[in-house]
Amino acid sequence: MSEKDAAGNKFKIKTFDEYYNLYCNNKANSGNKHAERLNLIQKKQLSIAPHYKWLKDTCWTARYYEYKFNIARNYIEEAKRRLEIIKKCCEAK
């Protein structure tokens, strides 16, 4: 992601941590890193936002079951399908 500094010089943000520290860290209206990552995806990559959110929500609920519950095969295939969509989008950039 290209940005401009106060002098108008372009620079690249290479990692999410750089983005978070520049735009979100220590700001009253920012959420945690998970929320900010989802916000960024919804702003910049709307086509993959629902897939990312589904995977994030699914992972978060898994911890409440100690990652030991039986997952239906089609549920696993759905996760793989969504991850592949995200991967293709990222590789195209």
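Residues numbered from 1 in each chain as written. Predicted model: local features only at pLDDT ≥ 70, side-chain atom pairs only at ≥ 80, totals over all residues. Heavy atoms only, no water.

Draft legend 1. Local environment of the nonpolar core. Leu-38, Ile-41, Ile-48, Ala-49, Tyr-52, Leu-55, Ile-86 and Cys-89 form the largest nonpolar core, which has 8 residues in total. Listing elements by their share of this core, those giving two or more residues are helix H2 (33-44), helix H3 (49-62) and helix H4 (73-91). Of the residues forming this core, the biggest block, 3 residues, is contributed by H3. In this structure Tyr-52 touches Arg-37, Leu-38, Ile-41 and Ile-86, once residues within four positions along its chain are discounted. (Core = buried A, V, L, I, M, F, W, Y, C linked by side-chain atoms within 4.5 Å. Buried < 20%, exposed > 50% of the residue type's maximum accessible area, 1.4 Å probe, protein only. Helix = DSSP H or I, 4+ residues; strand = E, 2+ residues; numbered from the N terminus. Contact = heavy atoms within 4.5 Å.)

Draft legend 2. Up close: the side chain of Arg-82. Among the structural elements, Arg-82 can be located in helix H4. Polar side-chain contacts of Arg-82 include one of 3.5 Å to the backbone oxygen of Pro-50. The contacts of Arg-82, once residues within four sequence positions are left out, are Pro-50, His-51, Trp-54 and Leu-55. (Polar contact = N/O pair within 3.5 Å; in protein donor to acceptor, adjacent residues only side chain to side chain.)

Draft legend 3. Region of interest: the packing of aromatic side chains. According to the stated counting rule, one finds 3 aromatic pairs in the structure shown. When the centroid spacing of 6.1 Å and the interplanar angle of 40° are considered together, the rings of Phe-16 and Tyr-20 count as tilted. A residue pair is termed a helical-turn pair when its members lie 3 or 4 positions apart in one helix, as Phe-16 and Tyr-20 do in helix H1 (residues 16-23) at 4 residues. For Tyr-20, a relative accessible area of 11% gives the class buried. The aromatic ring of Phe-16 is capped on one face by Arg-37, whose charged end is 4.2 Å from the ring centroid. (Phe/Tyr/Trp six-rings, centres within 6.5 Å; stacked < 30°, edge-to-face > 60°. Lys NZ or Arg CZ within 6 Å of the ring centre and 35° of its normal.)

Draft legend 4. Spotlight on the packing of H1 against H2. Orientation of H1 relative to H2, taken along the N-to-C sense of each, is 100°, at an axis distance of 11 Å. Of the possible angle classes, the one that applies to H1 and H2 is roughly perpendicular. Two secondary-structure elements touch here, H1 through Phe-16, Asp-17, Tyr-19 and Tyr-20 and H2 through Lys-33, Glu-36, Arg-37 and Leu-40. For the contact of H1 with H2, the class distribution of residues is 4 nonpolar, no polar and 4 charged. (Axes fitted to C-alpha atoms, helices over the stretch in contact; angles between N-to-C directions. Parallel < 35°, antiparallel > 145°, perpendicular 65-115°, else oblique. Nonpolar A, V, L, I, M, F, W, Y, C, P; charged D, E, K, R; others polar.)

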